[in-house]
Amino acid sequence: MRIAVQTAAFDLGDEANAFAAGLDGAGAVVTFTGVVRDLPGGGLQAMEIEHYPGMTEKAITEIATQAATRWALGDVLVIHRHGRLALGEMIMMVATAASHRKDAFEAAEYLMDYLKSRAPFWKREITAEGADWVAAKDADEDALERW
Amino acid sequence: MEVLYFAWVRERIGLPRETVETDAATVADLVEELRAREDRYAAAFADLSALRVALDQDLSDFDAPLAGVREVAFFPPMTGG
(Lines give C-alpha, C1' and ligand atoms only; values in the text may rest on other atoms or scores of the structure.)
Protein backbone atom coordinates (compact mmCIF):
# COMPACT_ATOMS: atom_id res chain seq x y z
CA MET A 1 0.00 0.00 0.00
CA ARG A 2 1.31 3.44 -0.88
CA ILE A 3 -0.37 6.71 0.09
CA ALA A 4 1.09 9.98 -1.24
CA VAL A 5 -0.23 13.47 -0.46
CA GLN A 6 1.77 15.99 -2.45
CA THR A 7 1.79 19.27 -4.36
CA ALA A 8 3.91 17.87 -7.20
CA ALA A 9 2.40 16.57 -10.41
CA PHE A 10 2.58 12.81 -11.01
CA ASP A 11 3.02 10.84 -14.20
CA LEU A 12 0.02 8.53 -14.61
CA GLY A 13 1.89 6.13 -16.91
CA ASP A 14 4.95 5.88 -14.66
CA GLU A 15 2.82 5.39 -11.57
CA ALA A 16 0.60 2.74 -13.19
CA ASN A 17 3.61 0.86 -14.60
CA ALA A 18 5.48 0.92 -11.29
CA PHE A 19 2.34 -0.26 -9.48
CA ALA A 20 1.78 -3.13 -11.92
CA ALA A 21 5.47 -4.11 -11.91
CA GLY A 22 5.46 -4.57 -8.15
CA LEU A 23 2.61 -7.08 -8.11
CA ASP A 24 2.84 -10.78 -7.55
CA GLY A 25 0.09 -12.85 -9.11
CA ALA A 26 -2.58 -10.18 -9.61
CA GLY A 27 -4.66 -10.68 -12.75
CA ALA A 28 -6.35 -7.29 -12.70
CA VAL A 29 -5.25 -3.68 -12.20
CA VAL A 30 -7.77 -0.82 -12.15
CA THR A 31 -6.76 2.83 -12.15
CA PHE A 32 -8.90 5.94 -11.76
CA THR A 33 -7.65 9.49 -12.29
CA GLY A 34 -9.40 12.73 -11.30
CA VAL A 35 -8.71 15.72 -13.57
CA VAL A 36 -9.41 19.46 -13.08
CA ARG A 37 -12.38 20.19 -15.34
CA ASP A 38 -13.83 23.51 -16.46
CA LEU A 39 -17.03 24.98 -15.07
CA PRO A 40 -20.24 24.30 -17.05
CA GLY A 41 -20.08 27.78 -18.62
CA GLY A 42 -16.27 27.87 -18.81
CA GLY A 43 -14.02 30.40 -17.11
CA LEU A 44 -12.13 28.27 -14.58
CA GLN A 45 -8.62 29.67 -14.15
CA ALA A 46 -7.38 27.24 -11.54
CA MET A 47 -8.41 24.96 -8.73
CA GLU A 48 -6.92 25.32 -5.26
CA ILE A 49 -7.00 22.38 -2.90
CA GLU A 50 -6.52 22.82 0.84
CA HIS A 51 -6.01 19.86 3.17
CA TYR A 52 -5.44 18.98 6.80
CA PRO A 53 -1.84 17.74 7.07
CA GLY A 54 -1.66 14.69 9.28
CA MET A 55 -5.35 13.88 9.23
CA THR A 56 -5.29 13.56 5.44
CA GLU A 57 -2.68 10.80 5.45
CA LYS A 58 -4.39 9.10 8.41
CA ALA A 59 -7.85 9.18 6.81
CA ILE A 60 -6.63 7.87 3.45
CA THR A 61 -4.67 5.08 5.15
CA GLU A 62 -7.80 4.05 7.07
CA ILE A 63 -9.92 4.10 3.89
CA ALA A 64 -7.35 2.03 1.97
CA THR A 65 -7.02 -0.40 4.88
CA GLN A 66 -10.82 -0.84 4.94
CA ALA A 67 -10.79 -1.54 1.19
CA ALA A 68 -8.06 -4.14 1.65
CA THR A 69 -10.18 -5.80 4.35
CA ARG A 70 -13.34 -5.93 2.22
CA TRP A 71 -11.79 -7.10 -1.04
CA ALA A 72 -8.96 -9.49 -1.79
CA LEU A 73 -6.45 -6.90 -3.01
CA GLY A 74 -2.87 -7.46 -4.07
CA ASP A 75 -2.01 -3.80 -3.57
CA VAL A 76 -3.48 -0.28 -3.29
CA LEU A 77 -2.07 3.07 -4.40
CA VAL A 78 -3.55 6.51 -3.64
CA ILE A 79 -1.92 9.76 -4.81
CA HIS A 80 -3.74 13.01 -4.01
CA ARG A 81 -2.41 16.48 -4.77
CA HIS A 82 -3.05 19.77 -3.00
CA GLY A 83 -2.18 23.39 -3.79
CA ARG A 84 -2.95 25.26 -7.01
CA LEU A 85 -3.78 23.18 -10.08
CA ALA A 86 -4.47 24.35 -13.64
CA LEU A 87 -7.29 23.22 -15.90
CA GLY A 88 -6.60 19.71 -17.20
CA GLU A 89 -4.07 18.82 -14.50
CA MET A 90 -4.43 15.51 -12.71
CA ILE A 91 -5.67 15.95 -9.16
CA MET A 92 -5.41 12.42 -7.88
CA MET A 93 -5.30 8.75 -8.78
CA VAL A 94 -6.09 5.41 -7.22
CA ALA A 95 -4.88 2.02 -8.36
CA THR A 96 -6.07 -1.34 -7.10
CA ALA A 97 -4.79 -4.80 -7.91
CA ALA A 98 -6.59 -8.09 -7.38
CA SER A 99 -6.74 -11.59 -8.78
CA HIS A 100 -9.98 -10.75 -10.59
CA ARG A 101 -11.36 -7.53 -12.03
CA LYS A 102 -14.54 -7.40 -9.92
CA ASP A 103 -12.59 -6.92 -6.69
CA ALA A 104 -10.28 -4.36 -8.33
CA PHE A 105 -13.16 -2.32 -9.80
CA GLU A 106 -15.30 -2.38 -6.66
CA ALA A 107 -12.40 -1.48 -4.39
CA ALA A 108 -11.48 1.44 -6.66
CA GLU A 109 -15.08 2.74 -6.52
CA TYR A 110 -15.14 2.35 -2.76
CA LEU A 111 -11.87 4.28 -2.44
CA MET A 112 -13.22 7.09 -4.63
CA ASP A 113 -16.52 7.34 -2.77
CA TYR A 114 -14.75 7.60 0.58
CA LEU A 115 -11.96 9.91 -0.61
CA LYS A 116 -14.61 12.37 -1.82
CA SER A 117 -16.40 12.73 1.52
CA ARG A 118 -14.04 11.44 4.23
CA ALA A 119 -10.58 12.62 3.28
CA PRO A 120 -10.02 16.21 4.53
CA PHE A 121 -9.56 18.11 1.27
CA TRP A 122 -11.42 21.28 0.27
CA LYS A 123 -11.55 22.48 -3.32
CA ARG A 124 -11.84 26.09 -4.39
CA GLU A 125 -12.57 27.20 -7.95
CA ILE A 126 -10.72 30.31 -9.13
CA THR A 127 -12.33 32.44 -11.86
CA ALA A 128 -11.92 36.05 -13.03
CA GLU A 129 -14.74 36.95 -10.61
CA GLY A 130 -13.03 35.50 -7.56
CA ALA A 131 -12.78 32.24 -5.65
CA ASP A 132 -15.62 29.90 -4.64
CA TRP A 133 -15.41 26.94 -2.31
CA VAL A 134 -16.86 23.83 -3.92
CA ALA A 135 -19.90 22.66 -1.94
CA ALA A 136 -20.16 18.99 -1.04
CA LYS A 137 -23.01 17.23 -2.82
CA ASP A 138 -25.69 15.22 -1.03
CA ALA A 139 -25.15 12.57 -3.72
CA ASP A 140 -21.55 12.14 -2.55
CA GLU A 141 -22.68 11.46 1.01
CA ASP A 142 -25.47 9.16 -0.26
CA ALA A 143 -22.91 7.22 -2.29
CA LEU A 144 -21.40 5.89 0.95
CA GLU A 145 -24.63 4.13 1.88
CA ARG A 146 -24.25 1.47 -0.79
CA TRP A 147 -21.14 0.15 0.96
CA MET B 1 -5.98 22.74 23.32
CA GLU B 2 -5.17 23.52 19.71
CA VAL B 3 -8.15 24.55 17.59
CA LEU B 4 -7.77 24.41 13.80
CA TYR B 5 -9.96 25.91 11.08
CA PHE B 6 -10.06 25.00 7.40
CA ALA B 7 -11.52 26.33 4.15
CA TRP B 8 -14.28 28.95 4.60
CA VAL B 9 -14.29 28.44 8.38
CA ARG B 10 -10.66 29.58 8.41
CA GLU B 11 -11.52 32.53 6.18
CA ARG B 12 -14.47 33.68 8.32
CA ILE B 13 -12.53 33.46 11.56
CA GLY B 14 -9.37 34.84 9.97
CA LEU B 15 -7.01 32.30 11.56
CA PRO B 16 -5.77 28.85 10.59
CA ARG B 17 -5.25 27.76 14.21
CA GLU B 18 -5.08 29.03 17.78
CA THR B 19 -4.50 27.76 21.28
CA VAL B 20 -7.69 27.89 23.37
CA GLU B 21 -7.86 27.60 27.16
CA THR B 22 -11.20 26.01 27.94
CA ASP B 23 -13.07 23.82 30.39
CA ALA B 24 -15.70 22.93 27.79
CA ALA B 25 -16.98 19.40 28.36
CA THR B 26 -18.12 18.76 24.79
CA VAL B 27 -17.52 20.08 21.29
CA ALA B 28 -20.90 21.84 21.45
CA ASP B 29 -19.83 23.62 24.66
CA LEU B 30 -16.60 24.75 22.99
CA VAL B 31 -18.60 26.05 20.01
CA GLU B 32 -20.79 28.08 22.41
CA GLU B 33 -17.70 29.62 24.01
CA LEU B 34 -16.21 30.51 20.63
CA ARG B 35 -19.51 31.95 19.32
CA ALA B 36 -19.70 34.27 22.32
CA ARG B 37 -16.24 35.72 21.61
CA GLU B 38 -16.78 37.85 18.50
CA ASP B 39 -19.03 38.23 15.48
CA ARG B 40 -16.58 36.45 13.17
CA TYR B 41 -16.83 33.32 15.33
CA ALA B 42 -20.61 33.62 15.51
CA ALA B 43 -20.68 33.87 11.70
CA ALA B 44 -18.45 30.83 11.24
CA PHE B 45 -20.49 28.72 13.66
CA ALA B 46 -23.93 30.01 12.66
CA ASP B 47 -25.05 26.72 11.11
CA LEU B 48 -23.56 23.59 12.65
CA SER B 49 -25.23 21.37 10.03
CA ALA B 50 -22.81 22.96 7.52
CA LEU B 51 -19.79 22.03 9.66
CA ARG B 52 -17.82 18.94 10.53
CA VAL B 53 -15.48 18.41 13.47
CA ALA B 54 -12.44 16.22 13.98
CA LEU B 55 -10.94 15.35 17.37
CA ASP B 56 -7.26 14.45 17.30
CA GLN B 57 -7.60 13.98 13.53
CA ASP B 58 -10.56 11.59 13.67
CA LEU B 59 -13.96 12.68 12.37
CA SER B 60 -16.31 13.10 15.33
CA ASP B 61 -19.54 14.91 16.22
CA PHE B 62 -20.69 17.92 18.22
CA ASP B 63 -21.91 15.85 21.19
CA ALA B 64 -18.50 14.26 21.69
CA PRO B 65 -16.63 14.85 24.99
CA LEU B 66 -13.37 16.83 24.92
CA ALA B 67 -11.67 15.10 27.85
CA GLY B 68 -8.11 14.21 26.82
CA VAL B 69 -8.44 15.81 23.39
CA ARG B 70 -5.43 17.86 22.24
CA GLU B 71 -6.51 18.99 18.77
CA VAL B 72 -9.97 20.06 17.58
CA ALA B 73 -10.56 20.97 13.93
CA PHE B 74 -13.62 22.62 12.39
CA PHE B 75 -14.27 22.56 8.65
CA PRO B 76 -17.00 22.31 6.02
CA PRO B 77 -17.96 18.94 4.46
CA MET B 78 -14.97 17.58 2.58
CA THR B 79 -14.57 17.73 -1.18
CA GLY B 80 -11.74 15.37 -2.02
CA GLY B 81 -11.25 13.08 -4.97
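Each chain carries its own residue numbering, running from 1 in the written order of its sequence. Note on labels: chains are lettered from A, ligands numbered from 1, in written order. With pLDDT at 70 or above as the cut-off, local features in this predicted model cover only qualifying residues; side-chain atom pairs require 80 or more to be listed or tallied, and sums for whole chains, interfaces and linings still use all residues. Excluding hydrogens and water, the side-chain values take into account all heavy atoms of the structure.

Going by an unreviewed UniProt entry, chain B carries the name Molybdopterin synthase sulfur carrier subunit and comes from Antarcticimicrobium sediminis. UniProt positions are given in the numbering used here, feature names are shortened, and annotations may be inferred rather than shown by experiment. Under the UniProt heading Sequence similarities (unreviewed entry), the entry covering chain B gives this text: "Belongs to the MoaD family."

In the nomenclature of an unreviewed UniProt entry, chain A corresponds to Molybdopterin synthase catalytic subunit from the organism Antarcticimicrobium sediminis. The record held by UniProt for chain A lists under Function (unreviewed entry) the comment "Converts molybdopterin precursor Z into molybdopterin. This requires the incorporation of two sulfur atoms into precursor Z to generate a dithiolene group. The sulfur is provided by MoaD." In the Sequence similarities (unreviewed entry) part of its UniProt record, chain A is described as follows: "Belongs to the MoaE family."

## Observations concerning the interface of chain A and chain B
Two residues form a contact once any of their heavy atoms are found within 4.5 Å. Contact residues are listed per partner, giving 26 residues for chain A and 20 residues for chain B. Every case where a carboxyl oxygen of Asp or Glu lies within 4 Å of a side-chain nitrogen of Lys or Arg is listed as a salt bridge. Put simply, chain A and chain B have three salt bridges between them. Measuring nitrogen to oxygen at the nearest pair gives 2.6 Å for the salt bridge that ties Glu50 of chain A to Arg10 of chain B. Only DSSP runs of H or I covering at least 4 residues are called helices, and only runs of E covering at least 2 are called strands; the numbering of each starts at the N terminus. Looking at the side of chain A that touches chain B, the elements that each hand over two or more residues are β3 (46-51), α2 (55-70), β6 (90-98), α3 (101-118) and β7 (121-127) of chain A. Any residue that is not Ala, Val, Leu, Ile, Met, Phe, Trp, Tyr, Cys, Pro, Asp, Glu, Lys or Arg is counted as polar, Gly included; the first ten are nonpolar and the last four charged. Considered class by class, the residues forming the side of chain A that touches chain B number 15 nonpolar, four polar and seven charged.

## Some details on the pattern of salt bridges
Tallying each qualifying case throughout the model produces 15 salt bridges over all chains. One salt bridge in this structure joins Glu15 of chain A and Arg2 of chain A, with 2.7 Å as the shortest N-O distance. With Glu15 of chain A in helix α1 (residues 12-21) and Arg2 of chain A in strand β1 (residues 2-6), this residue pair connects regions lying 13 residues apart in the sequence. According to the relative accessible area criterion, Arg2 of chain A is partly exposed, its value standing at 38%. Counted as one network, the salt bridges with shared partners bring together Glu48, Arg84 and Arg124 of chain A together with Glu11 of chain B. Buried residues are those whose accessible area, probed at 1.4 Å on protein chains only, stays under 20% of the maximum for their type, while exposed residues exceed 50% and partly exposed ones sit between those limits.

## Here's the deal with the sheet that holds β1 of chain A
Residue and element names in this part refer to chain A. Taken together, four strands build an open sheet; the order of strands is β1-β4-β6-β2 and the sheet is mixed. Lying at the two open borders of the sheet, with one neighbouring strand each, are β1 and β2 (28-35). Neighbour-to-neighbour, the strand axes of the sheet open up by a mean angle of 5°, direction not taken into account. Paired strands are those between which DSSP finds at least two bridges. Alignment of β2 against β6, held across eight bridges, turns out to be antiparallel. Looking at β6, one finds that Val35 is bridged to Met90. Axis definition: a line fit to C-alpha positions, over the contact stretch in the case of helices; interaxial angles, taken between N-to-C directions, run 0 to 180 degrees. Across the sheet, α1 touches β1, β2, β4 (73-81) and β6, and the angle it forms with β6 is around 20°. Across the face of the sheet, α3 comes into contact with β2, β4 and β6 while running at roughly 145° to β6.

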